[in-house]
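Okay, here's what each chain looks like letter by letter:
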Amino acid sequence: MVASVVVSAPAVAQAAEPSPALQAEQSDVAQLPAMGAHWVFPYTRTTAITIYDGDNGHVLGTIPATPLANNVITPDRRTIYVTETSWSLVDHGDRHDMLQQFDARTLERVRELALPPRALVGRKQQNFDVDANGKLGFIFDLSPASAVTVVDLSAFRVVRTVDIPGCALVFPWQSGGFSSLCGDGSLTNVAVGTDGKASVTHSKPFFSADGDPVYEQSLAERAKGDAYFITYSGKVMKAHLGPQPVIEPAWSIQQAAGQPAAGTGVQELAWRPGGTQPFAMSYYNHHLFALMHTGTYWTHKTAGTEVWELDTQAHRLVRRIDLPAPAKVVAVSQDEKPLLYANGENGNLMVIDLQSGKTLRNTHIDAGAMTVTPP
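Note that the structure is a prediction, hence the values are computed from the model and not measured.

Draft legend 1. Region of interest: unusual backbone geometry. The omega torsion across Ser143 and Pro144 is -5 degrees, close enough to zero to call that bond cis. Looking at where Pro144 falls in the secondary structure, it is placed in the loop between strand 9 (136-142) and strand 10 (146-152). For Leu107, which is not a glycine, the phi torsion comes out positive at approximately 65 degrees. In this structure, Leu107 sits in the loop between strand 6 (95-103) and strand 7 (109-114). Unlike most non-glycine residues, Trp298 shows phi in positive territory, near 70 degrees.

Quick look at the structure:
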């Protein structure tokens, strides 16, 4: 019997198809739509300001920023200004103090301006602000004397630096100047003329810096030149700012809620405001939003478990809003259907619909000690 072997014919190789020609990459700059009322700018803890859409939960972009940066959105929402302090070798080396201008649609850095030396130790909206028409910028300095640098934003130049000894921060007037809080419980008021000259006046003390200090994070309404100064115990004082500010009598957040006014006893338990940015104001209806917690006096940095909404004209509590988690920062959009934002201690950004009271989302974006909303 003869064995047979079958030999397969070799496979015919198919010709390889030519690779498609690669197109040259075209670089471009994406553009954001016009800034919406529900955009929000939470500061991340180290390196950036995040632009977040509160309606859909999308991150729209970021603006580079060091831990000491402050940003302001102009009244027309077309420009974002950032004051910055940085070092050439991260934490030492040559120091650079500057004001940067960003296009709000492209996030391109349009120009930057070197500032006089300044030394800040934390982020506060009250370190930097602009007047209601966006023509003048006021930048708080501490180098180590306290002063304010006035910038002509149209010409993008430093107009002058005004010394404010014993005082700090900026609360802009409706036009032509700003006020600063002073250690004796008064206000320093600086009028800036079109020629750059400044005239300074001082109010009488209206709070006790030793007995019940005013929060540095008190609020200012640029459009009307009004400020709302709030003490550690929860007293609210409205002031119309100017060369001779008019300060209204104080009222109590706790009494507005039908409770006894909180005192200053170190063992007196009460509902109290607290956080790194404990207050926000809806200027549409003049409702104040305050982060509240139960604690004794000197717990003014404690995170809030609730947000109290208060009518500042009727001096009454509108409602109490439970938060999904304790928060140190509160902000609110400036429109007829506002959203409330709260930065949790865990870095989450909580978004609450104030019409329904529902929490729309609770997203981790490494949110830090400050959040800004468009005017």
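Draft legend 2. Region of interest: the sheet that holds strand 11 (residues 157-163). The four strands lie next to each other as 8-9-10-11, forming an open sheet whose pairing is antiparallel. Either end of the sheet is taken by a strand with one partner, and the two such strands are strand 8 (128-130) and strand 11. For this sheet, the mean inter-axis angle between neighbouring strands, taken without regard to orientation, is 20 degrees. In this sheet, strand 9 lies alongside strand 8 in antiparallel orientation, the contact comprising three bridges. Counted as the bridge partner of Phe128 is Ile139 from strand 9.

Draft legend 3. Inspection of the side chain of Asp311 at higher detail. Looking at the element boundaries, Asp311 is found in strand 24 (residues 304-311). Although Asp311 is buried, it makes no salt bridge; Arg316 carries the closest opposite charge, 4.2 Å away. The residues touching Asp311, leaving out its near neighbours within four places in the chain, are Trp251, His286, His287, Arg316 and Val318.

Draft legend 4. Layout of the sheet that holds strand 14 (residues 187-192). The strand order 12-13-14-15 describes an open sheet built from four strands, whose pairing is antiparallel. On the outer flanks of this sheet lie strand 12 (167-172) and strand 15 (198-202), each paired with one strand and no other. Taken over all neighbouring pairs, the strand axes of this sheet differ in orientation by 25 degrees on average, direction set aside. Where strand 13 (residues 177-182) and strand 14 come together, five bridges link them in antiparallel fashion. Looking at strand 14, one finds that Phe178 is bridged to Val190.

Draft legend 5. Representation of the environment of Tyr215 within the structure. Relative to the elements of secondary structure, Tyr215 occurs in the loop between strand 15 and strand 16 (219-221). On the basis of relative accessibility, which here comes to 2%, the residue Tyr215 falls in the buried class. Residues Tyr215 and Gly177, 38 residues apart in the sequence, show an inter-C-alpha distance of 21 Å.

Draft legend 6. Main features of the pattern of salt bridges. Enumeration over the complete set of coordinates arrives at eight salt bridges. Taking the shortest distance from any N to any O, the salt bridge between Glu112 and Arg109 comes out at 3.8 Å. Between Lys238 and Asp226 there is a salt bridge whose closest N-O contact spans 3.9 Å. Here Lys238, found in strand 18 (residues 235-240), pairs with Asp226, found in strand 17 (residues 226-230); they are twelve residues apart in sequence, far enough to count as distant.

Conventions adopted
Residues numbered from 1 in each chain as written. Predicted model: local features only at pLDDT ≥ 70, side-chain atom pairs only at ≥ 80, totals over all residues. Heavy atoms only, no water. Helix = DSSP H or I, 4+ residues; strand = E, 2+ residues; numbered from the N terminus. Pairing = 2+ DSSP bridges. Axes fitted to C-alpha atoms, helices over the stretch in contact; angles between N-to-C directions. Buried < 20%, exposed > 50% of the residue type's maximum accessible area, 1.4 Å probe, protein only. Lys, Arg positive; Asp, Glu negative; His and termini not counted. Salt bridge = Lys/Arg side-chain N within 4 Å of Asp/Glu carboxyl O. Contact = heavy atoms within 4.5 Å.

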